[in-house]
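Overview (structure and organization)
If you want the building blocks of each chain, they are given just below.
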Amino acid sequence: MRYLSFVHNGVSRYGCVVGGEYLCDLGRRTGLPDLKGHIGTYFDSLGREADLEADFDLAEVLLQPVIPNPEKVICVAVNYRESDHPSPDEPEYPVLFTRFANAQAGHEVPLIKPDVSDKFDYEGELAVIIGRSGHKIAETDALSHIAGYTCFNDGSVRDWQKHSSQFTPGKNFLQTAGFGPWMVSADEIPDPSGLDLSTRVNGELRQSTNTRRMIFSIPWLISYLSQFTKLEPGDVIVTGTPKGFGSSLQPPRFLQVGDVVEVEITGIGVLRNTVAAEVRI
């Protein structure tokens, strides 16, 4: 089942897709304010919602980031091998950084190219959404804490990212990351370790890999992260990107206003965003 957050007539809502083209407003039925709350309350029945009816046409709503108000967005860097086999120079532990909630944008919502930089980049990634809270989770139990999966474009302002050894500035400009279009419930993807991931810019394939090439697997990441922080429903783990992002090319190819970036993952669909200029008021 596909769950999403959206705005209709200026009101933030959440629900699930029914019939491919329509939305059921779950909040109207449960009284819960947001998808994060729904995931935490109804985790054990996700993917098995009953008595669903169409309330809105999918085409008439504005999609928000899947979780508009996450407590935590934890991102992983340097997490893909170039082949299916390990190499001797792989890191022992992952490089981690965080994103703020307002640094994300929903499907078909413009990504804002900051006016202070000409090095705005893309990174297609698989994102994991936590459904059951946990602290010090065993790797063998990790998948049982997942509510679902979605696409993520970890938009990065490279020069600001490299002002120091800390990534925070370059990863948190307003509305620079795509997050969506929806969360596919975990029952539809029982094994996330064999998903094809691709990123296209203006229709040109730039990134292509499979999640089996992750250095740090999703169960390992969940266990590792939960050693130092308690994971909560609605928390997002963004699991890394393969080669082919703009700054890795020769010469580098950064995003320009008007570019269209698409991230596609097996079993989830396509996240699409157009790059827009920053407008200061």
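These lines cover the structure that appears in this document, whether it is placed above or below. The structure displayed is predicted, hence computed values, not measured ones. The written sequence of each chain sets the order in which its residues are numbered from 1. Only residues with pLDDT of at least 70 are given local features in this predicted model, and only at 80 or more are side-chain atom pairs given and counted; all residues enter the totals for whole chains, interfaces and linings. By convention in this description, side-chain values take in all heavy atoms of the structure and omit both hydrogens and water.

All right, on to unusual backbone geometry then. Omega for the bond connecting Gly180 with Pro181 falls within 30 degrees of zero, at 5°, which places this linkage in the cis form. Cis geometry marks the peptide bond from Gln250 to Pro251, where omega comes out at -5°. Its identity as a non-glycine residue notwithstanding, Asn9 has a phi of 50°, on the positive side. For Glu108, which is not a glycine, the phi torsion comes out positive at approximately 65°. In DSSP terms, a helix is any run of H or I states spanning at least four residues, a strand is any run of E spanning at least two, and both are numbered starting from the N terminus. Summarising the element assignment, Glu108 is placed in the loop between strand E8 (104–105) and strand E9 (111–113). Under the relative-accessibility criterion, Glu108 is labelled partly exposed at 45%. Only protein chains enter the accessibility calculation, which uses a 1.4 Å probe; a residue whose area is less than 20% of its type maximum is buried, one above 50% is exposed, and one in between is partly exposed.

In this structure, Leu126, Tyr149, Ile218, Ile222, Ile265 and Ile268 are the most contacted members of the largest nonpolar core, which totals 33 residues. Of all elements in the fold, only strand E1 (2–8), strand E11 (124–130), strand E12 (146–153), strand E14 (177–185), helix H4 (218–228) and strand E18 (260–265) reach the threshold of two or more residues within this core. In terms of nonpolar packing, the next biggest core, distinct from the first, is built from 26 residues, Tyr14, Leu26, Phe152 and Ala177 among them. Among buried residues, the Ala, Val, Leu, Ile, Met, Phe, Trp, Tyr and Cys ones that are joined through side-chain atoms within 4.5 Å form a nonpolar core.

Turning to the side chain of His8, a few remarks are in order. Checked against the element boundaries, His8 lands in strand E1. Filtering out sequence-adjacent residues up to four positions away, His8 remains in contact with Arg13, Phe56, Glu60 and Val61. Two residues qualify as a contact provided that any one of their heavy atoms is within 4.5 Å of a heavy atom in the partner residue.

Below, the discussion takes up the pairing of E18. Along a regular strand, successive side chains alternate from one face of the sheet to the other. Alignment of strand E15 (residues 196–201) against E18, held across five bridges, turns out to be antiparallel. Residue Val201 lies in a different strand from E18, and its bridge partner there is Val261. Here the rule is simple: two strands pair whenever DSSP picks up at least two bridges between them. Relative to strand E19 (residues 269–277), E18 is paired through six bridges, and the arrangement is antiparallel. Each residue of the ladder has a partner; that of Ile265, found in E19, is Gly269. Connecting E18 to the antiparallel partner E19 that follows it, the hairpin turn spans three residues, and Gly267 within it adopts a positive phi of roughly 80°.

With that out of the way, let us pick up the pairing of E19. When E9 meets E19, the two strands line up parallel, connected through three bridges. Bridging across to E19, Lys113 finds its partner in Ala277.

With that settled, the discussion passes to the pattern of salt bridges. Should a side-chain nitrogen of Lys or Arg be within 4 Å of a carboxyl oxygen of Asp or Glu, the pair is scored as a salt bridge. Inspection of the entire model under this criterion finds 24 salt bridges. As a salt-bridge pair, Asp25 and Arg13 come within 3.0 Å of each other at their nearest N and O atoms. Within this pair, whereas Asp25 is found in strand E3 (residues 22–25), its partner Arg13 is found in strand E2 (residues 11–18), the two being separated by 12 residues in sequence. A relative accessible area of 24% means that Arg13 is categorised as partly exposed.

Strand order in this open sheet of five strands is E9-E19-E18-E15-E16, and the pairing throughout is mixed. Each having just a single partner strand, E9 and strand E16 (204–210) make up the two edges of the open sheet. Across the sheet, the axes of successive neighbouring strands diverge by a mean angle of 20°, strand direction being ignored. Between N-to-C directions, angles span 0 to 180 degrees; the directions come from axes that are lines fitted to C-alpha atoms, helices contributing only their stretch in contact.

Turning to the side chain of Arg206, a few remarks are in order. Looking at the secondary structure, you find Arg206 in strand E16. Under the rule applied, a polar contact is a pair of N or O atoms within 3.5 Å (in protein, one hydrogen donor and one hydrogen acceptor; residues adjacent in sequence only if both atoms are side-chain atoms). Side-chain polar atoms of Arg206 contact the side chain of Tyr122, separated by 3.0 Å. When near neighbours in sequence (up to four residues on either side) are disregarded, Arg206 contacts Tyr122, Thr199, Arg200, Val201, Lys243, Gly244, Leu249 and Arg253.

Among the secondary structure elements, Phe100 is positioned in the loop between strand E7 (95–98) and E8. Sequence separation of Phe100 and Asn79 is 21 residues, and the distance between their C-alpha atoms is 21 Å. Here Phe100 is in contact with Thr168 and Asn172, once residues within four sequence places are set aside.

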